[in-house]
Amino acid sequence: MSLDGKRNTVSSVEKQVRLFPALGYGYQREGFEADVKLGGGYYFLEIDDDVPRMRGYDREDFQNKTGAYTLAAATQFALGKAFDLRLAAQQWHDGSDWLENQLEASLSYDADSWSSESRLVFSVKYNEYNLDPYARGPVDSPDYLPILPWSKDLFVRIYFDMPWG
């Protein structure tokens, strides 16, 4: 089961909720892991109202809530003794079209020499949103103005992960 979301992001996501029970299959051996999941559930995305109001949208136009399904795949493998690379991809569909794509990559360094059971992690997460469900008219019209001027997020971070206690 997966329940995750966002609130008030810099890129105009006011609220996002994804609730997806899923079935999955995992394979693991020393230095390598792979997972695949398929789930169905509830997808909700609300856009912040600042930019859409300037583009002529009404408050009722800011939400997309629907039943949906998701397919996810992830793999992780060792790059020598101290480094691990993790790659993941997930897509959400509402039955007729895609709602969101997410790609993620992280590189971890085993930092035991700095602190016991610690890791230094560099990660990148990329989300692409389908804004067509918010459209007030045909998206191929020359007069079409999307609800937002963007449809992508990129989140880059570096952090030190260590156990408590």
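Coordinates for the structure precede this section.
I will try to describe carefully the structure that is included in this document. (Residues numbered from 1 in each chain as written. Predicted model: local features only at pLDDT ≥ 70, side-chain atom pairs only at ≥ 80, totals over all residues. Heavy atoms only, no water.)

## Some points on the pattern of salt bridges
Then, number 1: Counted under the stated rule, the structure contains 2 salt bridges.
Then, number 2: Where Arg 18 meets Glu 100, a salt bridge forms, and the shortest distance between an N and an O atom there is 2.8 Å. Here the residue Arg 18 occupies a position in strand β2 (residues 13-20), and Glu 100 occupies one in strand β7 (residues 98-110), the gap between them amounting to 82 residues.
Then, number 3: Exposure remark for Glu 100: the relative accessible area of 0% places this residue in the buried category.
Then, number 4: Among the salt bridges present, the one from Asp 161 reaches Arg 119, with a minimum N-O distance of 2.8 Å. Pair noted here: Asp 161 is in strand β9 (residues 152-161) and Arg 119 is in strand β8 (residues 119-129), with a separation of 42 residues, a long-range link.
Then, number 5: Using a relative accessible area of 33% as the deciding quantity, one classes Arg 119 as partly exposed. (Salt bridge = Lys/Arg side-chain N within 4 Å of Asp/Glu carboxyl O. Helix = DSSP H or I, 4+ residues; strand = E, 2+ residues; numbered from the N terminus. Buried < 20%, exposed > 50% of the residue type's maximum accessible area, 1.4 Å probe, protein only.)

## A word on the packing of aromatic side chains
Then, number 1: Per the counting criterion, the structure on display carries 3 aromatic pairs.
Then, number 2: Each ring, one from Tyr 129 and one from Trp 150, has its centre 5.7 Å from the other, and the planes form 80°; the classification is edge-to-face. Here Tyr 129 is found in strand β8, whereas its partner Trp 150 is found in the loop between β8 and β9, with 21 residues between them in sequence.
Then, number 3: Exposure remark for Tyr 129: the relative accessible area of 2% places this residue in the buried category.
Then, number 4: Taking NZ or CZ as reference, Arg 18 lies 4.2 Å from the ring centre of Trp 92, over its face. (Phe/Tyr/Trp six-rings, centres within 6.5 Å; stacked < 30°, edge-to-face > 60°. Lys NZ or Arg CZ within 6 Å of the ring centre and 35° of its normal.)

## Looking at the layout of surface pockets
Then, number 1: In this structure, the largest pocket occupies an estimated 490 Å³ of space.
Then, number 2: As for the largest pocket, its lining consists of 26 residues, and the residues nearest its centre are Ser 2, Lys 37, Ala 72, Arg 86 and Gln 90.
Then, number 3: Within the residue set of the lining of the largest pocket, elements represented by two or more residues are β1 (2-7), β2, β3 (22-29), β4 (32-47), β5 (63-79), β6 (83-93) and β7.
Then, number 4: Class assignment of the residues belonging to the lining of the largest pocket gives a composition of 13 nonpolar, 6 polar and 7 charged.
Then, number 5: Forming the boundary of the second largest pocket are 15 residues, of which Lys 6, Lys 125, Asn 127, Asp 153 and Phe 155 lie nearest the centre.
Then, number 6: Those elements that provide at least two residues to the lining of the second largest pocket are β7, β8 and β9.
Then, number 7: Each residue belonging to the lining of the second largest pocket can be placed in one class, and the counts come to 4 nonpolar, 5 polar and 6 charged. (1 Å grid on protein atoms, 1.4 Å probe; cavity = no way out; pocket = protein on both sides within 12 Å on 5 of 7 lines; lining within 4 Å. Points joined across faces, edges and corners; volume = space filled by probe spheres on them. Nonpolar A, V, L, I, M, F, W, Y, C, P; charged D, E, K, R; others polar.)

## Brief notes about the side chain of Ser 118
Then, number 1: Structurally, the position occupied by Ser 118 is in the loop between β7 and β8.
Then, number 2: Using a relative accessible area of 0% as the deciding quantity, one classes Ser 118 as buried.
Then, number 3: Residue contacts for Ser 118: discarding those within four places in its chain leaves Tyr 109, Asp 110, Ala 111, Asp 112, Phe 160, Asp 161 and Met 162. (Contact = heavy atoms within 4.5 Å.)

## What about a nonpolar patch on the surface?
Then, number 1: A contiguous nonpolar patch, built from Leu 79, Phe 83, Leu 107, Trp 114, Leu 120, Phe 122, Leu 154, Val 156, Ile 158, Phe 160 and Met 162 and spanning about 1,000 Å² of accessible area, is present on the exposed surface.
Then, number 2: Mapped by element, the contributors of at least two residues to the nonpolar patch are β8 and β9.
Then, number 3: Of the residues forming the nonpolar patch, the biggest block, 4 residues, is contributed by β9.
Then, number 4: Tracing the backbone shows Trp 114 in the loop between β7 and β8. (Patch = residues over 30% accessible without salt bridge, like charges linked within 9 Å, V, L, I, M, F, W, Y side chains within 5 Å. Areas by Shrake-Rupley, 256 points an atom, 1.4 Å probe, with all protein chains shown as cover.)

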